[in-house]
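A structural walkthrough
Chain by chain, the residues:
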Amino acid sequence: MSAELVCVGLATRDLIVSLPRWPEPDGRLLAEPMRRAGGGPAATAAVAAARLGRDVSFIGAVGSDSAGRAVRDELEAEGVDVSGLEERAGATSESVILLDRSAATRSILHAPGAALDDLPSPARARCETARWIHVDHAGWPLVPGLPRERISIDAGNPVPRLDLAGIGLYAPTEASLRARYGGASLGACVLAALDDGAHRVVVTLGRAGAVAADAGGAWRVGPAEAEVVSTLGAGDVFHGALLAGLLEGLSLPEALRMANVAAALSCRGLDGREAIPSREELRGAVAHAPAPERSMLNEEP
């Protein structure tokens, strides 16, 4: 059976450590709380879309270790199809995330682990029948030859040899978008990405909201109201919710609004997944959120 959405890329086992302030050299701090949880851009997007009621498969690799078993179990518990999650010799990718509460910042220490070199035939077949294929920086090298108009790219991390021609959805952070286009204004960068061939460009702006654009115009949403415990994984949740909205048949600005609220609500939790809203909770929150406003990209700072 084919999935509506196939997410391809990185799945990690994370240790999230909340600190009152950044530690001094040779110092000692009480970490409270401290939690282990699943992470990875594509994997967390898969969880968000699944929690919002979509049929989702994940394709990637874990090691033959306890961390890999935990990654698989957590995805499966969320209703994500993990038949494309390969077990490889070696360790599972892991990260340690240090949250500095005093400065409201985070630092990520990443140890790469097992990874796919190419897509196995069953995984490629699953992608070919999906309505959307969502990839992160680790998944992008695995999808050459697949229908580009159905590929969504999380470009928050540097993506090797990224070519936007014909891509269905290009989703960078503001910082990565400006870096790609030489530090030009936000509006000019979005227009450049459309000119490079992306059908849709959706840019996350952190606490400032998000911008979306396609051939029909551009829209902007401001920050959504929510308690912020940690912003870890918020961008990944945004991408999963955005695709869930598009799969639901929402227009781009409506899906933008939905994704913006979902990402804000996810910040209520310490790790990137615990506070992802259900479909019912999100629907109620979106009803009270400001509607997207038309944006003139040539006036964006």
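One can find the structure itself at the top, above this paragraph.
Cut-offs applied
Residues numbered from 1 in each chain as written. Predicted model: local features only at pLDDT ≥ 70, side-chain atom pairs only at ≥ 80, totals over all residues. Heavy atoms only, no water. Helix = DSSP H or I, 4+ residues; strand = E, 2+ residues; numbered from the N terminus. Rg over C-alpha atoms; globule rule 2.2 N^0.38 Å. Buried < 20%, exposed > 50% of the residue type's maximum accessible area, 1.4 Å probe, protein only. Contact = heavy atoms within 4.5 Å. Lys, Arg positive; Asp, Glu negative; His and termini not counted. Charge placed at Lys NZ, Arg CZ, Asp CG, Glu CD. Core = buried A, V, L, I, M, F, W, Y, C linked by side-chain atoms within 4.5 Å. Polar contact = N/O pair within 3.5 Å; in protein donor to acceptor, adjacent residues only side chain to side chain. Axes fitted to C-alpha atoms, helices over the stretch in contact; angles between N-to-C directions. Parallel < 35°, antiparallel > 145°, perpendicular 65-115°, else oblique. Left-handed = near helix turned anticlockwise from the far one by under 90°. Nonpolar A, V, L, I, M, F, W, Y, C, P; charged D, E, K, R; others polar.

**Let's talk about the overall build of the protein**
Within the protein, the secondary structure is distributed over 8 helices and 14 strands. For 301 residues, the compact-globule estimate of 2.2 N^0.38 gives 19 Å, and the C-alpha radius of gyration of the protein, at 18 Å, lies within 12% of that figure. With the principal axes as the frame, the protein shows a C-alpha extent of 50 × 50 × 40 Å. In the protein, buried positions account for 53% of the 301 residues. Here the analysis covers contacts within the protein between residues at least 6 apart in sequence; of these, 62% occur between residues at least 24 apart. Put simply, the protein has 29 plus and 39 minus side-chain charges, and the middle of one group is 1 Å from the middle of the other.

**Examining the nonpolar core**
Of all hydrophobic cores here, the largest spans 49 residues; its most connected members are Leu 5, Phe 58, Leu 75, Val 202, Phe 238, Leu 256 and Leu 282. Other than its neighbours up to four places away in sequence, Phe 58 contacts Cys 7, Gly 9, Leu 10, Ala 11, Ala 42, Ala 43, Leu 75, Val 80, Asp 81, Val 82, Gly 84 and Leu 85. Of all hydrophobic cores here, the second largest spans 40 residues; its members include Leu 142, Val 143, Val 203 and Leu 297.

**Remarks on the environment of Arg 72**
Mapped onto the elements, Arg 72 comes out in helix α2 (residues 66–77). Taking the C-alpha atoms as reference points, Arg 72 and Ile 167, separated by 95 residues in sequence, lie 29 Å from one another. Apart from residues lying up to four places away in sequence, Arg 72 is in contact with Val 82, Leu 85, Glu 86 and Glu 87. A polar contact of 3.4 Å, which involves the side chain of Arg 72, links it to the backbone oxygen of Val 82.

**Overview of the packing of helix α7 (residues 252–266) against helix α8 (residues 279–287)**
Contact geometry of α7 with α8 gives a least axis separation of 9 Å together with a crossing angle of 110°. With respect to their mutual orientation, α7 and α8 come out roughly perpendicular. Classified by chirality, the crossing of α8 by α7 is right-handed. Along the contact surface, α7 presents Arg 257, Met 258, Val 261, Ala 262 and Leu 265, while α8 presents Leu 282, Ala 285, Val 286 and Ala 287. Among the residues forming the contact of α7 with α8, the class breakdown is 8 nonpolar, no polar and 1 charged.

That's the geometry; what it means functionally is another story.
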